[in-house]
Amino acid sequence: MNLGFLGFFKYFNFFIDNFTTAFSFFGSEFQTNSLDIVLPVGISFYTFQTLSYTIDVYKRKLKPTNDFIAFSAFVSFFPQLVAGPIERATHLLPQFYEKRKFEYNKAVDGLQQILWGLFKKIVIADNCAEYANQIFNNSGDYSGSTLLLGALFFTFQIYGDFSGYSDIAIGTSRLFGFDLMRNFNFPYFSRDMGEFWRRWHISLSTWFRDYLYIPLGGSRGGTWMKVRNTFIIFIVSGFWHGANWTFIIWGALNAIYFLPLLLTKNNRANLDSVAQGKYLPNVKEFFQMFLTFGLTVLAWVFFRADNVTHAITYLAEIFSSSFFTEPEILPNTVLFLIIVFVLIEWFGREGQYAIEKLTQVKSKGLRYLLYYFIAMAVIFFGNFNENEFIYFQF
Amino acid sequence: MKKFLRRTIFLAFMILITLASVNYVGDSAKLFNHKYEKQMANILKSGSYVTNISNFDERLFRKDFIESCDVSPNIVVIGSSRTLLINQSHFTIGALMNNSVSGASIEDLIAIYQLGKVNRLHPSKIILGIDPWTFNINNGMTRWQSIDSYYYQFTGIKNASSVTIEKYKQLISFSYFQSSIDEMQKKMKGNDMPLASNNRFNETRTILNDGSLVYGNSYRESSKETVNSRVELSLNKKLYGLEDFDLISESIWANFDMLLKDMQNEGIEVELFLSPYHPKVYRVMEKDYSLVIDLEKRLMEYSKAKSIKVTGSFNPKLVGLTQDEFYDAMHCNEIGIESILTNVVTK
């Protein structure tokens, strides 16, 4: 039932259009009409959330609830309704049974996380979006170096946008005394693709792991089973984002990145945080991060492109001789903001979010001064052109 | 809970105080300090041109400019930025005063005309710049509210101004903060006030003492590629002022008719001026904004019936302009304006 709604609203036209194209390819005319469907905001998120309840009850991991209000609140909890984190009924539902009481430390921490989420969204994501859109929308006019810059801007846009939203959702929930699951864990500091996928959109990755990958057999069985399961989970994950071949290829590309690690049993080689307890990574870790980040950037091109042809021509231009020319667009302020952002994230990478440790600053005056400066930085550097969150469309 | 609220409110208050102080002192659009526009008007009155100008309230400047005028001009131009380049050199007989403002709506045209009436300007001719968005009820133009009392005075509508609230809202506007910070830096460097000049051509925009505009050097000397990229950029989105232009507003038409009747009753010769669009833009208009073409036809029929002269056309071909005579998507350059006025492309 849940998947039926999702299938109709999100994928009906995709399948109809592709059937039509396939029939035309083989010379048969197949008359169909696409429907003018308005996609309900956040449908992929709350469908998966309610599915987790149904499956957990079926598997007897959770008792079915008789409390209609608690269940309705679980399904429609406003901070995470439209873009996650995708909560499990086993984690969130019991919190609605508890009596609410205000916790000062939790509220301060929540507000601090909202502040950082706003910085990520308004300062990083929305400023990067301006250039990413300009470059992707007119990619034929730019050299390879500029296109690489455009892909980099989109890389930071999507991270700032989505993890910023998650921070705001988690922080808002904490203000009300609710704990939501972590959704991002500094993914761009990952040393391999396995680590990246343990740190990016954690609530979705673990959902697929628990409700799809493991039931399929996971990484047990022979090589063929491993390859099949890996491709299924990554392609379904891509398809979850949208009914477009670009998302499917993005998923498949990530499967290709991940498979060598799985087949050589190195997919769980990096379970800790990079350079734990140190200021800087060693040379090996640096190159591992650089390579993983580079592969991620290339994959994002498929995620952002209008269609597969666009993505391929975009990448082809990056790998052409025009890569060695000076970029036509070089927005110094945005590049400066990205560098500052990466440094803050790096030094805060062992916390739940980059500025978590601020609550530990003993001097109250200094702490409030830092809050004040971050808030003023959001106002001063922010882009207030009403950019919607990217993941609202999923 | 109380401790949390107290501290959060304190922090929010400090942020708001900073925001409001910077917005008030920096005041990038000169909303809280009217001296700027007055100084511009005084420079023009002294016979000089005025340059080094930015982010002023054009409507308030026009008010000060008209109020500072001792001798009534013979010809007055009222329109948008698309008529701002019309200047004295285009007319051999009679003194000209250009009172155009950027993004002029019908309310602007009426308010500026009324300002002239209140200040006893008795021109023998008014050139009224008409833009396609003039008749778009959804054009989103609100800048006329700076001089809204004159609009209400003319139309007899009871003053329903919300401009004061809008103005004070800017005190806590984030976007206003960003521009006001820049303005504060200029103030600190002492580079924020308008300057008198005897040169028509300067680094920044210059307003001549007849009220017309000369663009800054870099804009005037833009390469073909730059102009082309400006045109492409404007074609990437909805054309200026033409968002949701789905009908020619009859209420605006009634106001337009009332304005023209009043001018004619005052014994003023009225001439409509239609400034052309860049050829690329006009081609898009023919395809996607056919109402603009209908509007021009309706204006022609109306003018013919009322014996009103029309100069120019939204169609650049009809006035003999090519893409070389444009600064951007909707502003033709000095040569273009001169060509329209001197060749007298009238209908």
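Treat the numbers as computed from the prediction; the structure is a model and nothing was measured.

1. A word on the overall build of chain A
Scanning chain A from terminus to terminus reveals 14 helices and zero strands. Along chain A, from the amino end to the carboxyl end, the secondary structure elements read α-α-α-α-α-α-α-α-α-α-α-α-α-α. Rg of the C-alpha trace for chain A: 22 Å, near the compact-globule value of 21 Å for 394 residues, within the 12% margin. If one aligns the C-alpha atoms of chain A with their principal axes, the spans along those axes are about 75 × 65 × 45 Å. Within chain A, buried positions represent 38% of all 394 residues. Considering only residue pairs separated by 6 or more positions, chain A has 72% of its internal contacts joining residues 24 or more positions apart.

2. Details of the overall build of chain B
Helices and strands together make up the secondary structure of chain B, namely 13 helices and nine strands. A globule of 347 residues ought to have a C-alpha radius of gyration of about 20 Å, and chain B, at 21 Å, matches this closely. Along the first, second and third principal axes, the C-alpha atoms of chain B reach 75 × 50 × 45 Å. When the 347 residues of chain B are sorted by exposure, 39% land in the buried category. Taking contacts inside chain B between residues at least 6 apart in sequence as the whole, the part at least 24 apart equals 75%.

3. Section: the interface of chain A and chain B
Between chain A and chain B, the residue contacts involve 14 residues of the former and 14 residues of the latter. No other element matches the seven residues that helix α14 (residues 364–381) of chain A contributes to the side of chain A that touches chain B. Tallied by class, residues from the side of chain A that touches chain B come to 13 nonpolar, one polar and no charged.

4. Here's the deal with the packing of helix α3 (residues 68–75) of chain A against helix α4 (residues 89–97) of chain A
All names here are of chain A. Between α3 and α4, the shortest axis-to-axis distance is 9 Å and the interhelical angle comes to 130°. Looking at the two axes, α3 sits oblique to α4. Of the two possible hands of crossing, α3 and α4 adopt the one that is right-handed. Residues A70, A73 and F74 of α3 form the contact with α4, whose participating residues are A89, L92, L93, F96 and Y97. Of the residues belonging to the contact of α3 with α4, the class tally is eight nonpolar, no polar and no charged.

5. Considerations on helix α8 (residues 202–213) of chain A
Owing to its 3.6 residues per turn, the α-helix brings residues three or four apart onto one side. Residues and elements named next belong to chain A. Taking 1.5 Å of rise per residue, the 12 residues of α8 would be expected to cover 16 Å, yet its terminal C-alpha atoms sit only 14 Å apart, more than 12% below that figure. Where α8 is concerned, the buried positions are I202, S203, L204, W207 and Y213. Tucked inside the fold, the buried residues of α8 contact α2 (43–58), α7 (193–199) and α9 (223–241).

6. Comments concerning the confidence of the model for chain A
In the predicted model, chain A carries a mean pLDDT of 89, and 93% of its residues have values of at least 70. When pLDDT is averaged over each element of chain A, helix α11 (residues 283–304) of chain A comes out on top at 96 and helix α1 (residues 2–25) of chain A at the bottom at 71.

7. Focus on the sheet that holds strand β4 (residues 125–129) of chain B
All names here are of chain B. Read across the sheet, five strands follow the order β3-β2-β4-β8-β9 without closing on themselves; strand pairing throughout is parallel. On the outer flanks of this sheet lie β3 (96–98) and β9 (309–312), each paired with one strand and no other. Mean inter-strand twist for the sheet, computed between neighbouring axes without regard to direction, equals 20°. As paired strands, β4 and strand β8 (residues 269–274) are joined by five bridges and run parallel to one another.

8. Quick word on the pairing of strand β2 (residues 75–78) of chain B
Residue and element names in this part refer to chain B. Covered by surrounding structure in β2 are I75 and V77 together with V76 and I78, the residues of both alternating faces. Pairing analysis gives three bridges linking β2 to β3, with the strands arranged parallel. Across the sheet, residue V77 finds its bridge partner in β3, namely N98. Bridge analysis of β2 against β4 gives four bridges, and the strand direction is parallel. The residue bridging V76 from the neighbouring strand is I126, located in β4.

9. A look at unusual backbone geometry
Residue and element names in this part refer to chain A. If you check the backbone angles, R60 has positive phi at about 60° while not being a glycine. Position of R60 among the secondary structure elements: in the loop between α2 and α3. Overall, the presence of 7 C-beta atoms within 10 Å leaves R60 in the exposed class. In this model, H201 sits at a positive phi of 40°, which is unusual for a non-glycine residue. On the neighbour-count criterion, H201 (23 C-beta atoms within 10 Å) is buried.

10. A look at the environment of B:C69
Residue and element names in this part refer to chain B. Mapped onto the elements, C69 comes out in the loop between α3 (58–67) and β2. Spatially, the C-alpha atoms of C69 and Y113 are 14 Å apart, while their sequence positions differ by 44 residues. Among all residues touching C69, those that are not within four sequence positions of it are M97, N119 and L121.

11. Focus: the nonpolar core
Counting residues in each nonpolar core, the largest one holds 75 residues, and the members touching the most others are A:I124, A:C128, A:A132 and A:F302. Every residue in contact with A:I124, bar those within four places of it in the chain, is listed here: A:F119, A:F156, A:G160, A:L337, A:I338 and A:F341. Counting 73 residues, the second-largest nonpolar core is a separate cluster that includes B:I106, B:V231, B:F273 and B:Y289.

12. A short note on the confidence of the model for chain B
Per-chain confidence: chain B averages 90 in pLDDT, with 97% of residues scoring 70 or above. The ipTM value of the predicted complex is 0.77, and its pTM value is 0.75.

Each value, and the rule that gives it
- Residues numbered from 1 in each chain as written.
- Chains lettered and ligands numbered in written order.
- Predicted model: local features only at pLDDT ≥ 70, side-chain atom pairs only at ≥ 80, totals over all residues.
- Helix = DSSP H or I, 4+ residues; strand = E, 2+ residues; numbered from the N terminus.
- Rg over C-alpha atoms; globule rule 2.2 N^0.38 Å.
- Buried ≥ 20, exposed ≤ 12 C-beta atoms within 10 Å, placed from the backbone.
- Contact = placed C-beta atoms within 7 Å.
- Nonpolar A, V, L, I, M, F, W, Y, C, P; charged D, E, K, R; others polar.
- Axes fitted to C-alpha atoms, helices over the stretch in contact; angles between N-to-C directions.
- Parallel < 35°, antiparallel > 145°, perpendicular 65-115°, else oblique.
- Left-handed = near helix turned anticlockwise from the far one by under 90°.
- Expected span 1.5 Å × (residues − 1).
- pLDDT = per-residue confidence, 0-100.
- Pairing = 2+ DSSP bridges.
- Core = buried A, V, L, I, M, F, W, Y, C linked by C-beta atoms within 7 Å.

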